[in-house]
Amino acid sequence: RKEVEQDPGPFNVPEGATVAFNCTYSNSASQSFFWYRQDCRKEPKLLMSVYSSGNEDGRFTAQLNRASQYISLLIRDSKLSDSATYLCVVNRWGGSNYKLTFGKGTLLTVNP
Amino acid sequence: EAGVTQFPSHSVIEKGQTVTLRCDPISGHDNLYWYRRVMGKEIKFLLHFVKESKQDESGMPNNRFLAERTGGTYSTLKVQPAELEDSGVYFCASSQVSETSGRNEQFFGPGTRLTVL
């Protein structure tokens, strides 16, 4: 079983739609969680950090359920510029261990 | 503030040759990481420096890969000799752990796309 598993996608949605991505992680020792977005042939860019049960940033809401080892990302009122691959990332930090473990990503295309 | 920079952006070499990738982290970031994405797979961790020391090199594929960070500033990743399966995108990231929150947010460079023929 992979450490981080995401919806395989792809997701194709119209502008203005609400879309949700799901992610599960296998290592219960994971401590911090992130959503990165990656545009085609570009580097991953940090979208949101999720350190408690969840947080909201504008149109984006991330939720964390430690008991179920599940993370989600909700995008409301989708824009064309939201088209990208969304990466679920976990970090089992503690002591000096800061390495990130990535999911394969979910491709989102927002259509006009 | 300048972000993480990497050089070169692309490299095409033949099997058996040597390639050296460079990463300049965000100024002041003690933590520097190397990651790699091979085609069709997820991004995977290679190693982690804290200043000039290797903190974790558990992701390095084999002894053909050598990473250095002399002086705790920029880092190099050398592949010698390169093999076909080394092709992929090599990302560098840096971070500074918050002393108050303990949070560690990593910022990525644009990557080096390596093709081994």
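For the structure itself, look to the data block above.
Attention in this report is confined to the structure presented alongside it. Predicted, not measured: the structure shown is a model, and the values here were computed from it.

1. Structural notes on the nonpolar core
The biggest cluster of nonpolar side chains holds 23 residues, and the ones touching the most others in it are Phe21, Trp35, Ile71, Leu73, Ile75, Tyr86 and Leu108 of chain A. Listing elements by their share of this core, those giving two or more residues are strand E3 (19-25), strand E4 (32-38), strand E5 (44-50), strand E7 (60-65), strand E8 (70-75), strand E9 (84-91) and strand E11 (106-111) of chain A. In contact with tyrosine 86 of chain A, other than residues within four places in its own chain, are Gln6, Phe21, Trp35, Tyr36, Arg37, Leu47, Leu73, Ile75, Gly105, Thr106 and Leu108 of chain A. Ranked by size, the runner-up nonpolar core spans 21 residues in total, among them Val19, Ile26, Leu77 and Val79 of chain B.

2. Points about unusual backbone geometry
Of note, the amide linkage connecting phenylalanine 7 of chain B to proline 8 of chain B takes the cis form, showing an omega dihedral of -5°. With an omega of -10°, the peptide bond between glutamine 80 of chain B and proline 81 of chain B qualifies as cis. Although it is not a glycine, arginine 41 of chain A adopts a positive phi angle of roughly 60°. With respect to the element layout, arginine 41 of chain A can be found in the loop between E4 and E5. A positive phi angle, close to 50°, is found at aspartate 77 of chain A, a residue other than glycine.

3. A look at the state of the cysteines
Applying the stated criterion to the full structure yields two disulfides over all chains. For cysteine 23 of chain A, the disulfide goes to cysteine 88 of chain A, at an S-S distance of 2.0 Å. Between cysteine 23 of chain A and cysteine 88 of chain A, the S-S torsion sits near -80°, and that sign places the bridge as left-handed. Remark: cysteine 88 of chain A occurs in strand E9 and cysteine 23 of chain A occurs in strand E3; sequence separation between them is 65 residues. The pair formed by cysteine 23 of chain A and cysteine 88 of chain A is uniform in burial state, with each residue classed as buried. One disulfide in the model links cysteine 23 of chain B with cysteine 92 of chain B; its S-S distance is 1.8 Å. Taking the sign of the S-S torsion, about -65° here, the bridge from cysteine 23 of chain B to cysteine 92 of chain B comes out left-handed. Taken together, the residues cysteine 23 of chain B in strand E3 (residues 19-24) and cysteine 92 of chain B in strand E9 (residues 88-95) connect sequence positions 69 residues apart. Like cysteine 92 of chain B, cysteine 23 of chain B is buried.

4. So, the sheet that holds E3 of chain B
In a beta sheet, neighbouring strands are held together by backbone hydrogen bonds and run either parallel or antiparallel to one another. Residue and element names in this part refer to chain B. Ordered in space as E1-E3-E8-E7, the four strands form an open sheet in which the pairing is antiparallel. The open sheet has two edge strands, strand E1 (5-7) and strand E7 (65-68), and neither has a second partner. The mean angle between the axes of side-by-side strands here comes to 15°, regardless of whether they run parallel or antiparallel. When E1 meets E3, the two strands line up antiparallel, connected through three bridges.

Thresholds, definitions, all that
The written sequence of each chain sets the order in which its residues are numbered from 1. Written order decides the labels, with chains lettered from A and ligands numbered from 1. Since the coordinates come from a predicted model, pLDDT governs what is reported: local features require at least 70, and pairs of side-chain atoms require 80 or more to be given and counted, while whole-chain, interface and lining totals use all residues. Each side-chain value is derived from all of the structure's non-hydrogen atoms; neither hydrogens nor water enter the calculation. Residues belong to a common nonpolar core when they are buried Ala, Val, Leu, Ile, Met, Phe, Trp, Tyr or Cys residues joined through side-chain atoms within 4.5 Å. Burial status follows relative accessibility: with a 1.4 Å probe on protein chains alone, a residue under 20% of its type maximum counts as buried, one over 50% as exposed, and anything between as partly exposed. Only runs of H or I of at least four residues qualify as helices and only runs of E of at least two qualify as strands under DSSP, and these elements are numbered from the N terminus. Any two residues whose heavy atoms approach within 4.5 Å are treated as being in contact. Only a pair of cysteine sulfur atoms within 2.5 Å counts as a disulfide in this structure description. DSSP calls a pair of strands paired once it identifies at least 2 bridges connecting them. The convention used is that axes are lines fitted to C-alpha atoms, helices contributing only their stretch in contact, and that angles between N-to-C directions extend from 0 to 180 degrees.

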